[in-house]
Amino acid sequence: SAVISQKPSRDICQRGTSLTIQCQVDSQVTMMFWYRQQPGQSLTLIATANQGSEATYESGFVIDKFPISRPNLTFSTLTVSNLSPEDSSIYLCSVEGSSGTEAFFGQGTRLTVV
Amino acid sequence: AQRVTQPEKLLSVFKGAPVELKCNYSYSGSPELFWYVQYSRQRLQLLLRHISRESIKGFTADLNKGETSFHLKKPFAQEEDSAMYYCALSVRSNYQLIWGAGTKLIIKP
């Protein structure tokens, strides 16, 4: 299993500002995933982050809005830029397990944009 | 196209009654399916996977390739089973998980 520490757990931000979310894993992992989970809805994959390469973004998500860093095999950040109320959501960090398929999740970051 | 469908957004049953949360998938390859659970104020966590063929907290799920289903079942629901349940399909080519919309399970006392 993997233990993931994600922070902040919640934040209230002004529109037009940015929020950077950090994800720290207690073991080295190849793939890290960033999701958005809007209230009462399923998980939407934002991007996949591999160490040493550019993140791969899903349709509807762009690097300018959601820049991701992956400096090493245990850490990643997701920045949500130029915030608008529509960005209010829960953001989740996830890593794959040793089998390569099971996923482990951080506690999530609840973002409210005012 | 790869897809996971959970037709029920909300399922409410009485304590002690049987529970079945439905999950259907669409995938051309050999599927690997999971059920994840999110209890109130807790992180999303794996409940069970079809490969393990195990029972976790009294829940079981059988992969039916003919019906492309992976329904989650428990014979006698308990109040602590109240949670959000997600069915997910592993796409091995890129390690991504395809998620269903989730079913909120409420167990009434």
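Just so it is clear, the structure is predicted and the values come from calculations on it, not from any experiment. (Residues numbered from 1 in each chain as written. Chains lettered and ligands numbered in written order. Predicted model: local features only at pLDDT ≥ 70, side-chain atom pairs only at ≥ 80, totals over all residues. Heavy atoms only, no water.)

1. Brief notes about the interface of chain A and chain B
The cut-off we apply is this: The contact rule is simple, with two residues in contact once any of their heavy atoms fall within 4.5 Å. By buried area we mean the combined loss of accessible area, with a 1.4 Å probe, across both parts when two parts are placed together. We define a salt bridge as a contact between a side-chain nitrogen of Lys or Arg and a carboxyl oxygen of Asp or Glu at a distance within 4 Å. Distance and chemistry together define a polar contact, namely a pair of N or O atoms within 3.5 Å, with one atom able to donate a hydrogen and the other to accept it when in protein, and with adjacent residues in sequence counting only for side-chain atoms on both sides. Labels follow the DSSP assignment, with helices taken as runs of H or I lasting at least four residues and strands as runs of E lasting at least two, numbered in each case from the N terminus. Here the term charged refers only to Asp, Glu, Lys and Arg, the term nonpolar to Ala, Val, Leu, Ile, Met, Phe, Trp, Tyr, Cys and Pro, and the term polar to all other amino acids, Gly among them.
Counting residues at the interface gives 20 residues for chain A, matched by 20 residues for chain B. Summed over both partners, the interface of chain A with chain B buries about 1700 Å², with 48% contributed by carbon and sulfur atoms. Counting the contacts that link chain A with chain B gives zero salt bridges. At the junction of chain A and chain B, the tally comes to eight residue pairs in polar contact (both at pLDDT 80 or more). Elements with a minimum of two residues in the side of chain A that touches chain B: strand 4 (31–37), strand 5 (43–50) and strand 10 (103–105) of chain A. Take the side of chain A that touches chain B: its biggest share by element is four residues, from strand 4 of chain A. Tallied by class, residues from the side of chain A that touches chain B come to eight nonpolar, ten polar and two charged.

2. Some details on the state of the cysteines
Operational definition: Count a disulfide wherever a pair of cysteine sulfur atoms falls within 2.5 Å. The classification of residues rests on relative accessible area computed with a 1.4 Å probe and restricted to protein chains. Under 20% of the type maximum is buried, over 50% is exposed, and intermediate values are partly exposed.
Applying the stated rule across the entire model yields two disulfides over all chains. Linked covalently through their sulfurs, Cys23(A) and Cys93(A) form a disulfide whose S-S length is 1.9 Å. Sign of the S-S torsion, about -65° for the bond between Cys23(A) and Cys93(A), identifies this disulfide as left-handed. Taken as a pair, Cys23(A) in strand 3 (residues 19–25) and Cys93(A) in strand 9 (residues 89–96) lie far apart in primary sequence, 70 residues in all. Residue classification places Cys93(A) among the buried residues on the basis of a relative accessible area of 0%. At a sulfur-sulfur separation of 1.9 Å, the disulfide partner of Cys23(B) is Cys87(B). Around the S-S axis, the bridge from Cys23(B) to Cys87(B) shows a dihedral of about -65° and counts as left-handed. One end of the pair, Cys23(B), is in the loop between strand 3 (19–21) and strand 4 (24–26); the other, Cys87(B), is in strand 9 (residues 83–91), with 64 residues separating them in the sequence. Its relative accessible area of 0% is what places Cys23(B) among the buried residues.

3. Comments concerning the sheet that holds strand 8 (residues 75–80) of chain A
What holds strands together in a sheet is hydrogen bonding between their backbones, with the strands either parallel or antiparallel. Residues and elements named next belong to chain A. Keep this limit in mind: Think of it this way: DSSP has to see at least two bridges between two strands before they count as a pair. For helices, the fitted axis covers only the stretch in contact; all axes are lines through C-alpha atoms, and the angles between them, taken along N-to-C directions, range from 0 to 180 degrees.
Reading across the sheet, the four strands line up as 1-3-8-7 and stay open at both edges, with antiparallel pairing between neighbours. The open sheet has two free edges, formed respectively by strand 1 (4–7) and strand 7 (68–72), since each of these has just one partner strand. Averaged over neighbouring strand pairs, the angle between their axes works out to 15° when direction is ignored. Bridge count for strand 7 against strand 8 is three bridges, and the pairing is antiparallel. The residue bridging Ser 69 from the neighbouring strand is Thr 77, located in strand 8.

4. Considering the environment of Ser9(A)
Among the structural elements, Ser9(A) can be located in the loop between strand 1 and strand 2 (10–13). In this view, Ser9(A) contacts Gly108(A), Thr109(A) and Arg110(A); residues no more than four positions away in its chain are not counted.

5. Overview of the pattern of salt bridges
Between side chains of opposite charge, a pair can form as their charged atoms come close. Residue and element names in this part refer to chain B. Enumeration over the complete set of coordinates arrives at four salt bridges over all chains. In this structure, Lys 22 engages Glu 20 in a salt bridge whose closest nitrogen and oxygen atoms are separated by 3.3 Å. Assessed through its relative accessible area of 28%, Glu 20 is described here as partly exposed. One salt-bridge network, in which partners are shared between bridges, spans Glu 20, Lys 22 and Lys 73.

6. As for unusual backbone geometry
Residues and elements named next belong to chain A. Each neighbour pair has its own omega, and for Lys 7 with Pro 8 the value is 5°, a cis peptide bond. Looking at where Pro 8 falls in the secondary structure, it is placed in the loop between strand 1 and strand 2. You will see that Asn 82, though not glycine, has its phi angle at about 45°, which is positive. Mapped onto the fold, Asn 82 is located in the loop between strand 8 and strand 9.

7. Here we look at the nonpolar core
Our working definition: In these notes, a set of buried Ala, Val, Leu, Ile, Met, Phe, Trp, Tyr and Cys residues joined through side-chain atoms within 4.5 Å is what counts as a nonpolar core.
Counting 27 residues, the largest nonpolar core has Trp34(A), Ile46(A), Phe66(A), Ile68(A), Leu78(A), Tyr91(A) and Val95(A) as the members making the most contacts within it. Secondary-structure elements contributing two or more residues to this core are strand 3, strand 4, strand 5, strand 8, strand 9 and strand 11 (109–113) of chain A. When residues of this core are assigned to their parent elements, the largest contribution, four residues, is made by strand 3 of chain A. Excluding residues within four positions of it along the chain, Leu78(A) makes contact with Leu19(A), Thr20(A), Ile21(A), Trp34(A), Ile46(A), Phe66(A), Pro67(A), Ile68(A) and Tyr91(A). Judged by nonpolar contacts, the second largest core, of 26 residues, contains Val13(B), Leu47(B), Ala61(B) and Ile107(B).

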